[in-house]
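Chain and residue survey
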Amino acid sequence: KEIATLRSIFVAPPGYIFIEADYSSAEVFTLGYLSGDKVLLDDAKKDIHSRNAVALLGAPKYEGYDEGKKPSSEWKEEYSALRSGAKELSFGIPYGKAGKSMARSITLKSGVPCTQEQADGYIKAWQKKYAKAYKFLVESGVSATTKWAVTTPFGRSRNFPPTTSNKKLSAYKREAFNMPIQGTVGDILTLSLINLWNYRKDPSIPKFNVLLVIHDA
């Protein structure tokens, strides 16, 4: 209701309509492509959060689960808490969230109490299921503490000042976990905006304007 109220503030001028385009689960797909993890990519195409609510958090299988189909809206509503918990795993692990932090996030977002021990188990299960993706994350951390840099496929680089401080090295690894993913998504979004600007020059395309770029619109 709050989101709908906020959106109602924006009104299209006469002769125009609003069009919202969304990169659904962009970071999950990007991690899958960068790591070459076919299991992760396959799940992402089938609603990864619902599938992991079943595979990792114990939600009952929905109709069509074994056939790779997406769940019904009724199932998603009934098990929304477990699905929210699974979503925290999908986005939290690539950010380097550990057991205590993950337990707090799952509890907060799902409304279902989660202990650190449970969170540790969920994280290990995720790492096992998406072994290639986890290996890629670890290698990104190693790169940050040996090569002192991580880079996106488009050449965007995040450099780390050489150090011998264990505290800083740990911080570098956490930061490097997500940078290639988030940086690549940022690069793709930038290229898409450039393409949109170029499309505006095409006289065969109806006139349009780019109003806003919003994270988690």
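These remarks concern the structure in this document. (Residues numbered from 1 in each chain as written. Predicted model: local features only at pLDDT ≥ 70, side-chain atom pairs only at ≥ 80, totals over all residues. Heavy atoms only, no water.)

What about the nonpolar core?
Judged by nonpolar contacts, the single largest core of 23 residues is most densely connected at Leu31, Leu40, Leu89, Ile93, Met102, Trp126 and Leu137. Secondary-structure elements contributing two or more residues to this core are α2 (26-35), α3 (38-45), α7 (99-110), α8 (116-129), α9 (131-146) and α10 (166-199). Tallying contributions element by element places α8 first for this core, with four residues. If we skip the residues at most four places from it in the chain, Leu137 touches Leu31, Ile93, Pro94, Trp126, Phe177 and Ile181. (Core = buried A, V, L, I, M, F, W, Y, C linked by side-chain atoms within 4.5 Å. Buried < 20%, exposed > 50% of the residue type's maximum accessible area, 1.4 Å probe, protein only. Helix = DSSP H or I, 4+ residues; strand = E, 2+ residues; numbered from the N terminus. Contact = heavy atoms within 4.5 Å.)

Some points on the environment of Lys135
The residue Lys135 is located in helix α9 in this model. What makes Lys135 exposed here is its relative accessible area of 52%. Along the backbone, Lys135 and Asp37 are 98 residues apart, and their C-alpha atoms lie at a distance of 9.8 Å.

Description of the pattern of salt bridges
A full pass over the atoms with the stated rule returns 10 salt bridges. In this structure, Lys61 and Asp66 form a salt bridge, with 3.0 Å as the shortest nitrogen-oxygen distance. For Lys61, a relative accessible area of 52% puts it in the exposed group. By relative accessible area, Asp66 is classed as exposed at 58%. Through salt bridges that share partners, Asp43, Arg51 and Lys129 make up one connected network. (Salt bridge = Lys/Arg side-chain N within 4 Å of Asp/Glu carboxyl O.)

Quick look at a nonpolar patch on the surface
Taken together, the side chains of Leu6, Ile9, Phe10, Phe18, Leu211, Leu212 and Ile214 define a hydrophobic patch exposed on the protein surface, amounting to about 770 Å² of accessible area. With respect to the secondary-structure elements, Leu211 resides in the segment after α10. (Patch = residues over 30% accessible without salt bridge, like charges linked within 9 Å, V, L, I, M, F, W, Y side chains within 5 Å. Areas by Shrake-Rupley, 256 points an atom, 1.4 Å probe, with all protein chains shown as cover.)

Describing the packing of aromatic side chains
The relative placement of two aromatic rings is captured by the distance of their centres and the angle of their planes. Applying the stated criterion across every chain yields a total of six aromatic pairs. Where Tyr62 meets Trp75, the ring centres are 4.8 Å apart and the plane angle is 70°; that geometry is what we call edge-to-face. Placement of the pair is Tyr62 in the loop between α4 (48-55) and α5 (73-78) and Trp75 in helix α5, with a sequence separation of 13 residues. As far as burial versus exposure is concerned, Tyr62 and Trp75 are alike and both buried. Considering the side-chain rings of Trp126 and Tyr130, the 5.2 Å spacing of their centres and the 70° angle between planes classify their relative orientation as edge-to-face. Take Trp126: its relative accessible area is 1%, and that puts it in the buried class. With a relative accessible area of 0%, Tyr130 lands in the buried category. Each residue in the set Tyr62, Tyr65, Trp75 and Tyr79 is aromatic and connected to the rest through ring pairs, giving one cluster. (Phe/Tyr/Trp six-rings, centres within 6.5 Å; stacked < 30°, edge-to-face > 60°.)

Taken by themselves, the reported measurements are silent on function.
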